[in-house]
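# Coordinate analysis (summary)
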Amino acid sequence: MIAALRRGLGRRLPLLLCAALLALATGYPVLLLFLQSIFPDILGGSLAGAFDAYRRIIETPELGAMIGTSLGWAGAVTLVSWVFGIPCGYLLARTNLPGKLWARMSLLIPIMTPPYILALSYVLVMQQGGFGDVLLPIPNGLRAWFFSFWGVTVVMALASFGYVALAVEATLSTLPRRLEDAATVLGASWRARVRHVLLPLTVPAILNSGLLVFLEALSNFGVPAVLGTRSNLPLLPAEIFYLVTSWPLDLALATSLSSLLCLLALMALYGKRCLAQWMAGGHIRPGTAALQPLSRRWIWLGWGWIGGLFLFSSVLPYCAMVLTSLAESWGGDGFPPLTLKHYVALFEPGSRSLWALATSLGLSVAAATLCVVIGGYIAYVSVRSSGPLRHVLDGLATLPRVIPKIVVAVGLILAWNAPWIPLNIYNTVWMLLLAYVVIYITDALNYANSTVRGMSPNLEHAATVLGAGRYTVFTRIVLPGLRPALMAAWLTTFIVCMRELVASVLLLPPGVDVTATYIFNQFEQGDIAAAMAMATVTIVISTIVLVGFQFRRRP
Amino acid sequence: MSVYLQCQGLRKVFGASVVLDDISLEVQEGQCLVLLGPSGCGKTTLLNVISGMLAADGGELRCNGRLMDSAAKGVHVPIQERGLAMVFQDLSLWPHMSVAENVGFGLRIRGMKANDRRHRIDTVLEQVEMGGFRDRMPNELSGGQQQRVAIARALAVQPSLLLLDEPLSALDARLREDLKLELAGLLRESGVTAVYVTHDQQEAFALGDQVAVLHGGRLAQLAPPEKLYDSPCSAFVARFIGSSNLLPFRQLDGYALIEDHIAIRVLAADVPMEGHCMVRREAVGVLDKQPFAETSDQVILAGVCEQTHFLGERKEAQLRLPSGERLRGVTAGHIPSGAPVWARFPKNAVRFLAD
């Protein structure tokens, strides 16, 4: 009986281990955050003052208005992203538009650009006495419009419409053309086919990408912090940030607002699910799609659309960024003299900037490696097991995808600053590494998950039958199969860690910088050129790593 | 009865390869034409030309007297205006629509009122015995049920011409057997003119009023099923229709020589100089004792038994002739492999075919 129990435990051990790890890393901070939001003094061991903070939220009209603004803004960003992205997706998937490769690349650049860098660049373009004032005639009306609700919305949408475009493209290009042929044969016109067949089948992709954009907008910290404050547009993540970082700290209010943010995100997820069910997409076996031939006029219009979006999402902000980093000063009229001195200063040995760069590189490499190793193993264990524990594991692993990063960061502060924690990792760089891994392990998990799901268990059974042990099976059979997915996951994680802002701003110990905080702080303190030089360097490094991987992947 | 569909010298070229070469055939109204052939023979291409998904590069296609396709005259009527219905190999039911919505789609496009539409949907679903499933989604149905819905979707619009592209090939063998007969009944009942593509000769025989065998883009033979079975016009057709023995022969002075020692008197004008002669398996008896030639109109060939197998309704033996050719026939009992055997068949069961 004990032997049987031990055997059962042995079989379940990996699953238990993974669940425990995730529960400690993700579940515990989030749970503590909720508890703290309800009982403000729980860290002191008291349950007094339950729901005080929530009462304050209800009683303060400004807070209610701000939550409303946040939701409205995220919704507006989603709508604008749909307007921008859906035509791009259709053009790429369903027409014979020439130069699709370039069009696709033009979508990837804004996806790769961190939203806060886009926002900073646009501040440079639009603000009085900046880059735009000198080189472009910007009417005051446009400037006023830009520093308002819709201007900020458009900037955020420019950073996120690429997701919509790529998701719509992916769905439309695998929709079997037979489904349309079947309608054509029965006499349906192009319009009727789009309305009755194409659109309903694309709705799930549109909703999914919309949810992604909505959640990103709702929880994004960079754009609200950079543009929201300049546009008199108070948004939830920026508010939470100031409550946690500015004196007097109001942890109770911060955690309850965080909890609300979480709740809103979950509600959006649930709402999307209901909507998707109601609109019922149905399962589709992928096939080859039909291409619609475009007339000359439509080719011009299509490229005008994609090119225009590229101009505003990439060319203009990147020009502003690079020019600013190279400009001597922006005082006088006309084109400023160019200089490399900001870059020289950036790489000066022993400087803060060089340290920030080194810290970012080290943290990103470490975090990406940890995410891939742990995420890959957890995905494997999760897919290859069954039972209730597996659902717990899946749920825990996907938590960070739904829960805004800023909320995870606040939760981590509470969790590792609590009086019962014996280790002193809060206020060290290790805290940041932990945060990166917790926040970004989901990406690695997803990559690995879909690959493991596609791998037949019989591949492993075949090895087991030949006498291979569990370890051998994992290292010799599973890992090689996972390698491409894990490489992609490593790359993604590395790049997002290199530019991670919100967790870094909240969790870095005093006196330590990473690239994102360096850019953010220098910009706010007025050393714009240094900030933009660092932004340029970060993006160049990410691009080099990306291109390097692309080349290595080809034999 | 009048001619409904007419193909005249249809030709289709993809790059350098000729996929359809001078196809001429006619389908009578209310009849079913089966396009039969191995994969790559051009049967699906021909169907796609008829449906309008492909434009012919040469020749003419007429439907009910109307010119549908003619490269020379620059005519290509778009698919939507041909008034067709089609059943696809992969069914292609719209996954986001219920059974009733799928079936009613064509009616809706044609502007039928909701009330009439509902009535028509019910009628057609009853016809394919899917009356109780109108509100199900396609993914909740089994393969056979999905097939019935796909057929109902096509029949609902009462098309003048129904095209079926290997509609049963996605189903398992037993279901295919059942549905084949049902489909044949449905086609007859609804009186629709149909073109049916398949590579399965059982299906072709069960469904076709006429069967067109295609080979390498050309029409090898067009005939009713019985005629096709009894007198195939070439060795290829005989081989493809199956269950025949084929032995090479050559003609010498009014005699056809088989295996170099059997001579059958033939009319020189009707028989090619050389080719293959065909004997159906069921006409060949395999015996384990040397028989006496009872009459002069029987052929007896000696060989060695390679194997016997039990086929349910009969037992079949395969023997090897001294020339190395193989022959199959019916046997009464079990014959051990390696035993000497004799094959016997009547001379008038032999057909002489060109290659």
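Residues numbered from 1 in each chain as written. Chains lettered and ligands numbered in written order. Predicted model: local features only at pLDDT ≥ 70, side-chain atom pairs only at ≥ 80, totals over all residues.

### Re the overall build of chain A
We apply this condition: Per the convention used, a helix needs a DSSP run of H or I reaching at least four residues, while a strand needs a run of E reaching at least two, with both numbered from the N terminus. Values of the radius of gyration come from C-alpha atoms, whereas the globule rule sets the reference at 2.2 Å times the count of residues to the power 0.38. Comment: burial labels come from other C-beta atoms within 10 Å of the residue's own C-beta, placed from the backbone, where a count of 20 or more is buried, 12 or fewer is exposed, and between is partly exposed. Residues are defined as contacting one another if the C-beta atoms placed from their backbone atoms lie within 7 Å.
For chain A, the helix and strand inventory stands at 24 helices and zero strands. For 555 residues, the compact-globule estimate of 2.2 N^0.38 gives 24 Å, and the C-alpha radius of gyration of chain A, at 25 Å, lies within 12% of that figure. In terms of principal-axis extent, the alpha carbons of chain A reach across some 85 × 70 × 55 Å. Here chain A, with 555 residues, has 46% of them falling under the buried criterion. Residue pairs at least 24 apart in sequence account for 80% of intrachain contacts in chain A once pairs closer than 6 positions are excluded.

### Description of the overall build of chain B
Per the secondary structure count, chain B includes eight helices and 21 strands. With the C-alpha coordinates of chain B rotated into their principal frame, the extents come out at 75 × 50 × 40 Å. With 355 residues in all, chain B has 40% of them scored as buried. At a minimum sequence separation of 6, the contacts of chain B that also span at least 24 residues come to 65%.

### Some remarks on the packing of helix 18 (residues 405–417) of chain A against helix 19 (residues 429–454) of chain A
All names here are of chain A. Stated precisely, the cut-off is as follows: The angle between two axes is taken between their N-to-C directions and runs from 0 to 180 degrees, where each axis is a line fitted to C-alpha atoms and a helix contributes only its stretch in contact. An angle below 35 degrees is treated as roughly parallel, one above 145 as roughly antiparallel, one from 65 to 115 as roughly perpendicular, and anything else as oblique. Should the near helix be turned anticlockwise from the far one by less than a right angle, the crossing is termed left-handed; should it be turned clockwise, right-handed. Each residue is assigned to one class: nonpolar for Ala, Val, Leu, Ile, Met, Phe, Trp, Tyr, Cys and Pro, charged for Asp, Glu, Lys and Arg, and polar for all the others, Gly among them.
Direction vectors running N to C along helix 18 and helix 19 enclose 135°, while the axes themselves pass 10 Å from each other. As judged from the angle between their axes, helix 18 and helix 19 are oblique. Crossing of helix 18 over helix 19 shows right-handed handedness. Here K405, V408, A409, L412 and W416 of helix 18 lie close against helix 19, whose contacting residues are M431, L434, A435, V438 and I439. Residue composition of the contact of helix 18 with helix 19, grouped by class: nine nonpolar, no polar and one charged.

### Side note on the domain arrangement of chain B
Rule in force here: Bear in mind that the domain bounds are from an automatic or database domain assignment.
By the assigned domains, chain B splits into domain 1 (3–230) and domain 2 (243–353). The straight-line distance from the C-alpha centre of domain 1 of chain B to that of domain 2 of chain B is 40 Å.

### Here we look at the interface of chain B and chain A
With 20 residues of chain B at the contact, the number on the chain A side is 22 residues. Elements represented by at least two residues in the side of chain B that touches chain A include exactly strand 7 (84–87) and helix 2 (99–109) of chain B. In the side of chain B that touches chain A, the residues fall into 12 nonpolar, six polar and two charged.

### Some details on the pairing of strand 13 (residues 255–258) of chain B
All names here are of chain B. Put simply, the rule is: Strand pairing follows a simple DSSP-based rule, namely that at least 2 bridges must link the two strands.
Burial of strand 13 is one-sided: the residues A256 and I258 facing one way are buried, the residues Y255 and L257 facing the other way are not. One ladder, built from four bridges, connects strand 12 (residues 244–252) with strand 13; its direction is antiparallel. Within the sheet, the bridge partner assigned to R250 lies in strand 13 and is L257. Hairpin connection between strand 12 and strand 13: a loop of two residues separates the two successive antiparallel strands, and D253 in this loop has a positive phi of roughly 50°.

### Describing the nonpolar core
Quick note on the threshold: Buried Ala, Val, Leu, Ile, Met, Phe, Trp, Tyr and Cys residues form a nonpolar core when they are connected through C-beta atoms within 7 Å.
One finds V155(A), A409(A), V410(A), A435(A) and A448(A) to be the most contacted residues of the largest nonpolar core, which totals 268 residues. Residues within four places of A448(A) in sequence aside, it is in contact with G375(A), G376(A), A379(A), Y380(A), L482(A), A485(A), L486(A) and A489(A).

### Concerning helix 9 (residues 177–185) of chain A
Within helix 9 of chain A the residues assigned to the buried category are L179(A), E180(A), A182(A), A183(A), T184(A) and V185(A). Contact partners of the buried residues in helix 9 of chain A: helix 10 (190–219) of chain A together with helix 1 (43–51), strand 7 and helix 2 of chain B. Just past helix 9 of chain A, the residue G187(A) takes up positive phi, approximately 100°.

### Observations concerning the sheet that holds strand 7 of chain B
Residue and element names in this part refer to chain B. Overall, mixed pairing links the six strands, which are arranged 7-8-9-3-10-11 in an open sheet. Both outer strands of the open sheet, strand 7 and strand 11 (218–223), are each paired with one neighbouring strand and no more. The sheet shows a mean angle of 20° between the axes of neighbouring strands, taken without regard to direction. For strand 3 (residues 32–36) and strand 10 (residues 210–215), the ladder comprises four bridges, and the chain directions are parallel. Each residue of the ladder has a partner; that of L36, found in strand 10, is V213. Here helix 4 (residues 143–156) sits on the sheet in contact with strand 7 and strand 8 (161–165), set at roughly 175° to strand 7.

### Considering the sheet that holds strand 18 (residues 315–320) of chain B
Residue and element names in this part refer to chain B. Taken in spatial order, the five strands of this closed barrel run 16-19-18-17-20, and their pairing is mixed. Strand-to-strand twist in this sheet, taken as the mean axis angle between neighbours without regard to direction, amounts to 55°. In the sheet, strand 17 (residues 298–310) pairs with strand 18 via six bridges, with the strands oriented antiparallel. The residue of strand 18 that forms the bridge with Q307 is Q318.

### Some points on the pairing of strand 10 of chain B
All names here are of chain B. The element strand 10 is largely enclosed, with a buried count of five among its six residues. Of the pairings in the sheet, the one linking strand 10 to strand 11 comprises five bridges and is antiparallel in character. Paired with A212 across the bridge in strand 11 is L222. Hairpin connection, strand 10 to strand 11: the antiparallel pair is bridged by two residues, and G216 has positive phi, about 55°.

### Thoughts on unusual backbone geometry
Backbone phi values are negative for most residues with the exception of glycine, while trans is the configuration of most peptide bonds. In this structure, P248(A) follows W247(A) across a cis peptide bond, with omega equal to -5°. One non-glycine residue, N232(A), adopts positive backbone phi at about 55°. With respect to the helices and strands, the residue N232(A) is situated in the loop between helix 11 (222–228) and helix 12 (236–245). When the 9 C-beta atoms within 10 Å are taken as the criterion, N232(A) is described as exposed. The phi dihedral of Q158(B) is positive, around 45°, even though this residue is not glycine. With respect to the element layout, Q158(B) can be found in the loop between helix 4 and strand 8.

### Overview of helix 12 of chain A
Here helix 12 of chain A lies mainly inside the structure; eight of its 10 residues are buried. Listing the buried residues of helix 12 of chain A in full gives L236(A), P237(A), A238(A), E239(A), I240(A), F241(A), L243(A) and V244(A).

### A short note on the domain arrangement of chain A
Accessible area lost when the parts come together is the quantity often used to give the size of an interface. All names here are of chain A. Partitioning chain A into structural domains gives domain 1 (1–43 + 340–555) and domain 2 (62–279 + 293–339). The straight-line distance from the C-alpha centre of domain 1 to that of domain 2 is 25 Å. Counting only elements with at least two residues in the side of domain 1 that touches domain 2, the list comes to helix 1 (2–38), helix 15 (341–346), helix 18, helix 22 (502–507), helix 23 (515–524) and helix 24 (528–553). The element contributing the most residues to the side of domain 1 that touches domain 2 is helix 24, with eight residues. Looking at the side of domain 1 that touches domain 2 residue by residue, the class counts come to 21 nonpolar, five polar and three charged.

### Overview of the confidence of the model for chain B
Definition in use: pLDDT is a residue-level measure of predictor confidence that goes from 0 to 100.
Across chain B, the average pLDDT comes to 88, with 99% of residues at or above 70. Reported for the predicted complex are a pTM of 0.78 and an ipTM of 0.74.

### Some remarks on the environment of V452(A)
Of note, V452(A) is situated in helix 19. Leaving out residues up to four positions away in the same chain, V452(A) has contacts with A379(A), Y380(A), V383(A) and L482(A).

### Thoughts on the environment of Q221(B)
All names here are of chain B. Within the secondary structure, Q221 sits in strand 11. In this structure Q221 comes out as buried when scored by C-beta crowding, with 21 C-beta atoms within 10 Å. Setting aside chain neighbours within four positions, we find Q221 in contact with V213, L228, P232, C233 and V237.

### As for the environment of V87(B)
Residue and element names in this part refer to chain B. As for its placement among the helices and strands, V87 is situated in strand 7. Taking the C-alpha atoms as reference, V87 lies 34 Å from E313; in sequence the two are 226 residues apart. The contact partners of V87, leaving out residues within four places of it in the chain, are A150, I151, A154, L164, D165 and P167.

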